[in-house]
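# Topology and contacts: notes
So you can see what is in the structure, the chains are spelled out below.
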Amino acid sequence: MKGDHELQVIGQSVATILGRLYYDNGGNSKWLATVVQVVGFPILLPYYLLSVKTHTTTHRDGKITSLRNRVLVYIVLGLLVVAACYLYSIGLLYLPVSTLSLICASQLAFTAFFSYLLNSQKLTPIILNSLFLLTISSTLLAFNSEESNSKKVTKEEYVKGFICTVGASAGFGLLLSLQQLAFRKVLKKQTFSEVMDLIIYMSLVASCVSLVGLFASSEWKTLSNEMENYKLGKVSYVMNLVWTAVTWQVFSIGGTGLIFELSSLFSNAISALGLPVVPILAVIIFHDKMNGLKVISMILAIWGFVSYVYQQYLNEENLKKSHGIPTTESPDPPEAEGSSEQSK
């Protein structure tokens, strides 16, 4: 669907900036920051209803998934979403936005690794080059002593933020690979309705669990005082939370379109397209320092991203040739490549 790429990049970039604004102006609840990442899923319902008629129901095989297996998929993936979002919230609290976004580029590497283990994705030389570059890119930031010694956070907090962000990237990479596995082995089809059902019910589980975490941690008791003392005022506090929730769902809408039209792996690759955008915005808005180590890390991450996307392009072209499809027509989902090879 046209515009999916832009929606995903814009949604992720704006949501990240708003999340940092929340912390910088007096917000301190990690669980609330987690809740707003997932609780906005009802916004997807109008999009679901308006778009379902425009998408053809392909990839059906006539098999019906049992309700028990379907619910189990939603619960497991929903719990993984909560864990990844919570770790991301901790990383956003302790790390500069520019550093956080560069570390998050490692999500591509984790996705490729887990897809190799779970979905039999080939680790071609180009993919291995991408994995190496993205790993080195993130590792370099662990030695960024300029930020770990800053007055805003202690060295221990910086290390905690770094580890949690890497953990969040690994969690999101595993999530996308498990989604592919669920569509292939459990749900048995990848129609638009199936993709939307997965995202909505997965978000419902994640919202419920994150709200339980908010109340169980007693962070909810500090929210009233937090809003009173928010530097930009009460209205700005509420609007920040609302628009953070909205922009994360804009990101989801873009990702949903790409998952349906292409694959969750390509959706993940496109999300990394915002990699150069967030650090630049962070320098302008939050006056983050863009030192030499960060510049090198960004260059390596972009290089790794380009390598990954180039491999996806090659896979798509090879799939078209094997099916005798002219290259000018719309591509088939990349995940079909694995199944076609297995049938040979």
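Residues numbered from 1 in each chain as written. Predicted model: local features only at pLDDT ≥ 70, side-chain atom pairs only at ≥ 80, totals over all residues. Heavy atoms only, no water.

- The name given to the protein chain in an unreviewed UniProt entry is Probable purine permease, and the organism recorded there is Arabidopsis lyrata subsp. lyrata.
- Reading the Sequence similarities (unreviewed entry) entry of the UniProt record for the protein chain gives the comment "Belongs to the purine permeases (TC 2.A.7.14) family."
- For the record of the protein chain, the UniProt heading Subcellular location (unreviewed entry) holds the text "Membrane". (UniProt positions renumbered as here; feature names shortened; annotations may be inferred.)

## Remarks on the overall build of the protein chain
- Scanning the protein chain from N- to C-terminus turns up 16 helices and zero strands.
- The buried share of the protein chain, taken over its 344 residues, is 52%.
- Summarising the internal contacts of the protein chain: among those between residues at least 6 apart in sequence, 83% fall at separations of at least 24. (Helix = DSSP H or I, 4+ residues; strand = E, 2+ residues; numbered from the N terminus. Buried < 20%, exposed > 50% of the residue type's maximum accessible area, 1.4 Å probe, protein only. Contact = heavy atoms within 4.5 Å.)

## Examining the nonpolar core
- Among the nonpolar cores identified, the biggest contains 61 residues, and Leu32, Val81, Val97, Met196 and Tyr237 are the most heavily contacted of them.
- Sort the elements by how many residues they give to this core and helix H4 (residues 67-94) lands first, with twelve residues. (Core = buried A, V, L, I, M, F, W, Y, C linked by side-chain atoms within 4.5 Å.)

## Section: the packing of aromatic side chains
- Applying the stated rule across the entire model yields ten aromatic pairs.
- Ring geometry for Tyr74 and Tyr201: centres 5.1 Å apart, planes at 25 degrees, overall stacked. Highlighted residues: Tyr74 in helix H4 and Tyr201 in helix H10 (residues 192-216), separated in sequence by 127 residues.
- For the ring pair Phe110 and Phe114, a centre distance of 6.5 Å and an interplane angle of 20 degrees mean the geometry is stacked. In this pair, Phe110 and Phe114 are both assigned in helix H6 (residues 107-119), four residues apart and thus about one turn of the helix distant.
- Ring pairs connect the aromatic residues Tyr22, Tyr23, Tyr230 and Tyr237, which therefore count as one cluster. (Phe/Tyr/Trp six-rings, centres within 6.5 Å; stacked < 30°, edge-to-face > 60°.)

## Some words on the UniProt feature "transmembrane region" (unreviewed entry) in the protein chain
- UniProt marks residues 31-50, 71-94, 100-119, 158-178, 198-217, 237-260, 265-286 and 292-310 with the feature "transmembrane region" (unreviewed entry), using the numbering shown here.
- Between the C-alpha atoms that bound residues 71-94 there is a distance of 35 Å. The span itself is 100% helix and 0% strand.

## What to know about unusual backbone geometry
- Even without being a glycine, Ser218 presents a positive backbone phi close to 70 degrees.
- In this structure, Ser218 sits in the loop between H10 and helix H11 (223-228).

## A word on helix H2 (residues 30-38)
- By the criterion of burial, H2 is predominantly enclosed, with nine of the nine residues buried.
- Inspection of H2 places Lys30, Trp31, Leu32, Ala33, Thr34, Val35, Val36, Gln37 and Val38 among the buried residues, and these make up the whole buried set.

## Description of the pattern of salt bridges
- A full pass over the atoms with the stated rule returns three salt bridges.
- Among the ionic pairs, Glu194 bridges to Arg70, the shortest N-O distance being 2.4 Å. Placement of the pair is Glu194 in helix H10 and Arg70 in helix H4, with a sequence separation of 124 residues. Neither Glu194 nor Arg70 differs from the other in exposure class; each is buried.
- Measuring nitrogen to oxygen at the nearest pair gives 3.0 Å for the salt bridge that ties Glu228 to Lys234.
- Among the residues examined, Glu228 registers a relative accessible area of 47% and is labelled partly exposed. (Salt bridge = Lys/Arg side-chain N within 4 Å of Asp/Glu carboxyl O.)

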